[in-house]
Amino acid sequence: MFGILKNKKIIISAGASGIGWATAKVCLSKGATVFISDIDKKFLKKVKKNPLNNKRLFSYECDASNENDVKNLFKQISKKTKKIDALINNVGIAGPTGTIEKLKSKDWEETLKVNVISHFYYSKLAIPMLKKNKGGSIINLSSGAGIMGFPLRSPYAASKWAVVGVTKTLALELGKFKIRVNAICPGTIKGDRMVRVIRDKAKFLKISKKTIEKEFLSMASMGNWIYEDDIGKMCSFLISDDSARISGQIIGVDGNAIRLD
Ligand SMILES: NC(=O)c1ccc[n+]([C@@H]2O[C@H](COP(=O)([O-])OP(=O)(O)OC[C@H]3O[C@@H](n4cnc5c(N)ncnc54)[C@H](O)[C@@H]3O)[C@@H](O)[C@H]2O)c1
């Protein structure tokens, strides 16, 4: 399948670790040129040292929730290319865990800023580059929490439902420009993020991490972990010409998640 993304230029927010980095690797392996940005210097340093760091991979420091940072990022990318084929709005933090009376306004606001408003900053600047390309694909990372309620994670759920709303709206606005817009809802991903989520929930409920992990896995009918690569492969499909007629869809990559609690 090498070549399915040949000559495609892709921007990924929060791309230096987790799902973003796994997706960057999948896209690179299929021939794309990838521009990743991330807030974390340590992860970016690791990416720079990776043997994949060649003429098709560019990495930049950027806080996705800071509009000036994002403007500066696009200025730097536009020195390399005026057109892009895809934007992956991957950035999203877990936000705080707790009942609503216990959560702080500052944490609510930060979750919405990083998970939703950052997508606006990136999309606003990426859309003209997609129009110049005469079409392309925007992929927004939502979650099972963007289609179901998620106890103890109200700001996260609010942010991920918002991502679904923006996806549906942009798909309508941009269809005439041949720009497709879809959202992916990952399930329980094996990785550092779920280690932290399970730790915080176990602490709040005062039960063991093993019990919480088991509960998470039982929430999908397939009952197993989802891998970061699974999301990368779906992104690659949604960028490729094989998905030319797919837009406005909210796609679960979750082993059939049936509840979230
Ligand atoms: N991991 C899961 O189980 C899971 C499940 C459903 C949805 N998602 C969604 O998938 C996306 C990626 O998740 P992940 O698990 O890879 O995340 P993660 O927590 O592993 O973080 C990935 C990257 O985000 C970067 N980042 C954090 N804040 C940033 C900011 N303000 N600006 C720029 N970069 C920033 C981090 O430095 C890190 O490199 C998110 O939108 C997340 O909500 C994840």
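Heads up: these notes are all about the structure in this document. (Residues numbered from 1 in each chain as written. Predicted model: local features only at pLDDT ≥ 70, side-chain atom pairs only at ≥ 80, totals over all residues.)

1. Considering the overall build of the chain
Heads up, the rule is: The numbering of helices and of strands both runs from the N terminus, where a helix is a DSSP run of H or I of at least 4 residues and a strand a run of E of at least 2. Computation of the radius of gyration draws on C-alpha atoms, with the globule rule given as 2.2 Å multiplied by the number of residues to the power 0.38. Any residue pair is listed as a contact if its two C-beta atoms, each placed from the backbone, are within 7 Å.
Assigned secondary structure in the chain consists of 8 helices and 7 strands. Computed over the C-alpha atoms, the radius of gyration of the chain is 18 Å, within 12% of the 18 Å expected from 2.2 N^0.38 for a compact globule of 261 residues. In terms of principal-axis extent, the alpha carbons of the chain reach across some 50 × 35 × 35 Å. Contacts in the chain between residues far apart in sequence, at least 24 positions, make up 74% of those at least 6 positions apart.

2. Comments concerning the sheet that holds strand β7 (residues 250-253)
Cut-off, in case you're wondering: Only strands joined by at least two bridges in the DSSP assignment are considered to pair. To get an axis, fit a line to the C-alpha atoms, keeping to the stretch in contact for a helix; angles then go from 0 to 180 degrees between the N-to-C directions.
Read across the sheet, 7 strands follow the order β3-β2-β1-β4-β5-β6-β7 without closing on themselves; strand pairing throughout is parallel. Each end of this open sheet is capped by a strand with a single partner; those strands are β3 (57-61) and β7. Across the sheet, the mean angle separating the axes of adjacent strands is 20° when strand polarity is ignored. For strand β6 (residues 179-186) and β7, the ladder comprises 4 bridges, and the chain directions are parallel. Across the sheet, residue I184 finds its bridge partner in β7, namely I251.

3. Quick notes on helix α4 (residues 105-132)
Basically, it comes down to this: The span you would expect from a helix comes to 1.5 Å times its residue count less one. To sort residues by exposure, count the other C-beta atoms lying within 10 Å of each residue's C-beta; 20 or more gives buried, 12 or fewer gives exposed, and values between give partly exposed, all with C-beta atoms placed from the backbone.
If you check α4, its first and last C-alpha atoms are 40 Å apart, about what 28 residues at 1.5 Å a residue would give, namely 40 Å. Within the span of α4, buried status applies to T111, V114, N115, V116, S118, H119, Y121, Y122, A126, I127, M129 and L130. Next to the buried residues of α4 lie β1 (9-13), α3 (67-78), β4 (86-89), β5 (136-141), α5 (154-174) and β6. K134, located one to two residues past α4, shows a positive phi value of around 65°.

4. Description of the site of the ligand
Selection criterion: Proximity of a residue to a molecule or strand is defined by its backbone-placed C-beta atom lying within 6 Å of that partner. Classes in brief: Ala, Val, Leu, Ile, Met, Phe, Trp, Tyr, Cys and Pro nonpolar; Asp, Glu, Lys and Arg charged; the others, Gly included, polar.
With respect to spatial proximity, 27 residues lie near the ligand, and among them A14, G18, D40, G92 and I189 are the closest. Listed by contribution, the elements that provide at least two residues to the shell around the ligand are α1 (18-29) and α6 (192-205). Taken together, the residues of the shell around the ligand break down into 13 nonpolar, 9 polar and 5 charged.

5. Brief notes about the nonpolar core
The line we're drawing: Among buried residues, those of type Ala, Val, Leu, Ile, Met, Phe, Trp, Tyr and Cys that are joined through C-beta atoms within 7 Å form a set called a nonpolar core.
Ranked by size, the top nonpolar core spans 58 residues in total, and within it I10, I11, V34, I84, L87 and A126 carry the most contacts. With 8 residues, α4 is the largest single contributor of residues to this core. Contacts of I10, omitting those with residues within four sequence positions, involve C27, A32, V34, I84, D85, A86, I88 and I239. The next biggest cluster of nonpolar side chains, apart from the first, holds 6 residues, and it includes A145, Y156, A157 and A257.

6. So, the environment of L170
Mapped onto the elements of the fold, L170 is located in helix α5. C-beta crowding within 10 Å serves as the criterion here: with 22 such atoms nearby, L170 is assigned to the buried category. Between the C-alpha atoms of L170 and K8, which are 162 residues apart in sequence, the distance is 21 Å. Ignoring sequence-local partners within four residues, the contact set of L170 consists of S123, I138 and V181.

7. Focus: α6
Taking 1.5 Å of rise per residue, the 14 residues of α6 would be expected to cover 20 Å, and the 20 Å separating its terminal C-alpha atoms lies within 8% of that figure. Note on α6: the residue one or two positions beyond its end, K206, has a positive phi of about 55°.

8. Digging into the packing of α6 against helix α7 (residues 209-217)
Quick reminder of the rule: Reported orientations rely on four angle classes, namely roughly parallel under 35 degrees, roughly antiparallel over 145, roughly perpendicular from 65 to 115, and oblique for the rest. Each helix crossing is assigned a hand: it is left-handed if the near helix lies turned anticlockwise from the far helix by less than a right angle, otherwise right-handed if that turn is clockwise.
In the contact formed by α6 and α7, the axes pass within 9 Å of each other and the chain directions differ by 120°. Taken together, the axes of α6 and α7 are oblique relative to one another. α6 and α7 meet at a crossing whose hand is right-handed. The segment α6 lies against α7, with I198, R199, K201 and A202 engaging K209, I212, E213 and F216.

9. Side note on the pairing of β1
In terms of residue burial, β1 counts as a mostly covered element, since 5 of its 5 residues are buried. The side-chain alternation of β1 yields two buried faces, one formed by K9, I11 and S13 and the other by I10 and I12. Here β1 pairs with strand β2 (residues 33-38) via 5 bridges, running parallel. Along β2, the bridge assignment pairs K9 with T33.

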